[in-house]
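So you can see what is in the structure, the chains are spelled out below.
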Amino acid sequence: MAEFATGVTVVTAIDGDEPVGFACQSFASVSLEPPLILFCADRRGRSWPRIRSAGRFCVNVLGEDQADLCARFGSSRGLKYEGLEWDLSPHGTPQLRDVLLNVHAEVHAVHEAGDHDVVIGRVLSVRVHEAPGAVWRRPMLFFRSRFGVHPPEVPFAPDPWGEGDRWGWG
């Protein structure tokens, strides 16, 4: 699936009095009416069970210059919020500063899918971080196991079926 570029987000919530979160690249819009989104979370992770019990969360969409935030929330070590400035949203969720977008939602449904859960969230509000006269920022993309879109360093192996379809889906 490395051939499919994805955006990068950080999903955050408050569990008890403690902010929690994790980096997530499986995020999508589902429906406009009602407004629904989805993300996928590893059931074995430390943050997702706490976000699920909180019931509300914020999806923070990262800009390409925010690899530090991705590394911070993508790591299983360290305190993710230590020294980080963030705000408590009106919905009671941590919203990260200076990201491209905050999507505030509540857990609407959870579906098991292998070792992950597909989480459907009902959108409560959306906050776009675009100040008048601000410079347009590019989103963070993850492609071919790294950030950004770059030409391949080595050519791909030839198609083993000779049909031009690397997945074999005729």
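In the block above lies the structure referred to throughout.
Quick look at the structure, then.

Calculation rules
Residues numbered from 1 in each chain as written. Predicted model: local features only at pLDDT ≥ 70, side-chain atom pairs only at ≥ 80, totals over all residues. Heavy atoms only, no water. Salt bridge = Lys/Arg side-chain N within 4 Å of Asp/Glu carboxyl O. Helix = DSSP H or I, 4+ residues; strand = E, 2+ residues; numbered from the N terminus. Phe/Tyr/Trp six-rings, centres within 6.5 Å; stacked < 30°, edge-to-face > 60°. Buried < 20%, exposed > 50% of the residue type's maximum accessible area, 1.4 Å probe, protein only.

**Things to note about the pattern of salt bridges**
Should their charged atoms come close, side chains of opposite charge can pair.
Then, number 1: The full count for this structure, using the stated rule, is 12 salt bridges.
Then, number 2: With a shortest N-O distance of 2.8 Å, Glu18 and Arg50 are connected by a salt bridge. With Glu18 in strand 3 (residues 18–24) and Arg50 in helix 1 (residues 47–54), this residue pair connects regions lying 32 residues apart in the sequence.
Then, number 3: Residues Asp42 and Arg44 are paired through a salt bridge, measuring 2.9 Å at the closest nitrogen-oxygen approach.
Then, number 4: Each of Asp15, Glu18 and Arg50 takes part in salt bridges that share partners, so that together they form one network.

**Some details on the packing of aromatic side chains**
Then, number 1: If you walk through the whole model with that rule in mind, you get 5 aromatic pairs.
Then, number 2: Judged by centre distance (5.1 Å) and plane angle (80°), the rings of Phe39 and Phe57 are edge-to-face. Of this pair, Phe39 sits in strand 5 (residues 36–42) while Phe57 sits in strand 6 (residues 56–61), and the two are 18 residues apart along the sequence. Neither Phe39 nor Phe57 differs from the other in exposure class; each is buried.

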